[in-house]
Amino acid sequence: MAFVEQITLAKDEAFRSRVRMAIMTAAVLVAGEAQNAMSTTAYLKRQGLATKVLAAAGYGEHGEILEMFAWAVAQNSAISSDSTDSDVQFTVNSVWSDCAGVTVLD
């Protein structure tokens, strides 16, 4: 998929609604996860984003949460408006730590 198509997708309201549902679903799962082998910093960042998503119904104070995830999901060239909900969910799950600010140093 070309960048121009990814840009259009990231701005599409139907796609953004699907991403919003996927981030809400991911937030519930992350909020219930155990720390296990994660560092404390990584765990707290992931939990912090989950709390923020749940409190803001996926939008954030100025829509920044949905904006961040819409672009993060749309950057995956395998995702299109025809992608299944499970593909969108998988992509949200796979970028959760990145969007939470988890780095290799955490």
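For the structure given in this document, a descriptive report is provided here. Quantities reported herein were computed from a predicted structural model and do not represent experimental measurements. (Residues numbered from 1 in each chain as written. Predicted model: local features only at pLDDT ≥ 70, side-chain atom pairs only at ≥ 80, totals over all residues. Heavy atoms only, no water.)

**Here we look at the overall build of the protein**
Broken down by element type, the protein carries five helices and zero strands. When its helices and strands are written in sequence order, the protein yields α-α-α-α-α. Here the C-alpha radius of gyration of the protein, 14 Å, is about what a compact globule of 106 residues would show, namely 13 Å. When its C-alpha atoms are laid out on the principal axes, the protein stretches across 40 × 25 × 25 Å. When the 106 residues of the protein are sorted by exposure, 37% land in the buried category. Residue pairs in contact within the protein that sit at least 24 positions apart in sequence constitute 72% of those at least 6 positions apart. Between the centroid of the 7 positive side chains of the protein and the centroid of its 12 negative side chains there is a distance of 4 Å. (Helix = DSSP H or I, 4+ residues; strand = E, 2+ residues; numbered from the N terminus. Rg over C-alpha atoms; globule rule 2.2 N^0.38 Å. Buried < 20%, exposed > 50% of the residue type's maximum accessible area, 1.4 Å probe, protein only. Contact = heavy atoms within 4.5 Å. Lys, Arg positive; Asp, Glu negative; His and termini not counted. Charge placed at Lys NZ, Arg CZ, Asp CG, Glu CD.)

**Observations concerning the pattern of salt bridges**
Enumeration according to the criterion identifies six salt bridges in this entry. For Lys45, the salt bridge goes to Asp106, with nearest N and O atoms at 2.9 Å. On the criterion of sequence distance, the pair formed by Lys45 in helix α3 (residues 40-55) and Asp106 in the segment after α5 (85-100) is long-range, its members being 61 residues apart. Given a relative accessible area of 25%, Asp106 falls into the partly exposed group. What emerges from the salt-bridge pattern is a single network uniting Glu13, Arg16 and Glu67. (Salt bridge = Lys/Arg side-chain N within 4 Å of Asp/Glu carboxyl O.)

**Examining the nonpolar core**
Among the nonpolar cores identified, the biggest contains 27 residues, and Val19, Ile23, Phe69, Val92 and Trp96 are the most heavily contacted of them. Looking at this core, the elements with two or more residues in it are α1 (3-11), α2 (13-31), α3, α4 (64-74) and α5. Examining the composition of this core, we find that seven residues originate from one element, α2, more than from any other. Every residue in contact with Phe69, bar those within four places of it in the chain, is listed here: Val19, Ile23, Leu49, Val92, Val95, Trp96 and Cys99. (Core = buried A, V, L, I, M, F, W, Y, C linked by side-chain atoms within 4.5 Å.)

**Topic: α2**
Between its terminal C-alpha atoms α2 stretches 26 Å, which fits the 27 Å expected from 19 residues at 1.5 Å a residue. Turning to α2, its buried residues number three or more, namely Phe15, Arg16, Val19, Ala22, Ile23, Ala26, Ala27 and Val30. Down the axis of α2, the smallest arc covering the buried residues is 145°, so these residues share one side. Every exposed residue of α2 that faces more than 90 degrees away from the buried side is listed here: Glu13, Met21 and Val28. The opening residue of α2, the one whose side-chain oxygen lies 3.2 Å from the backbone nitrogen of Ala14, is Asp12. (Expected span 1.5 Å × (residues − 1). Arc of directions from axis to C-beta. Polar contact = N/O pair within 3.5 Å; in protein donor to acceptor, adjacent residues only side chain to side chain.)

**Re the environment of Ala57**
By secondary structure assignment, the location of Ala57 is in the loop between α3 and α4. In this structure, the C-alpha to C-alpha distance between Ala57 and Ala27, residues 30 residues apart in sequence, is 9.9 Å. Not counting residues within four places of it along the chain, the set of residues in contact with Ala57 comprises Arg20 and Met24.

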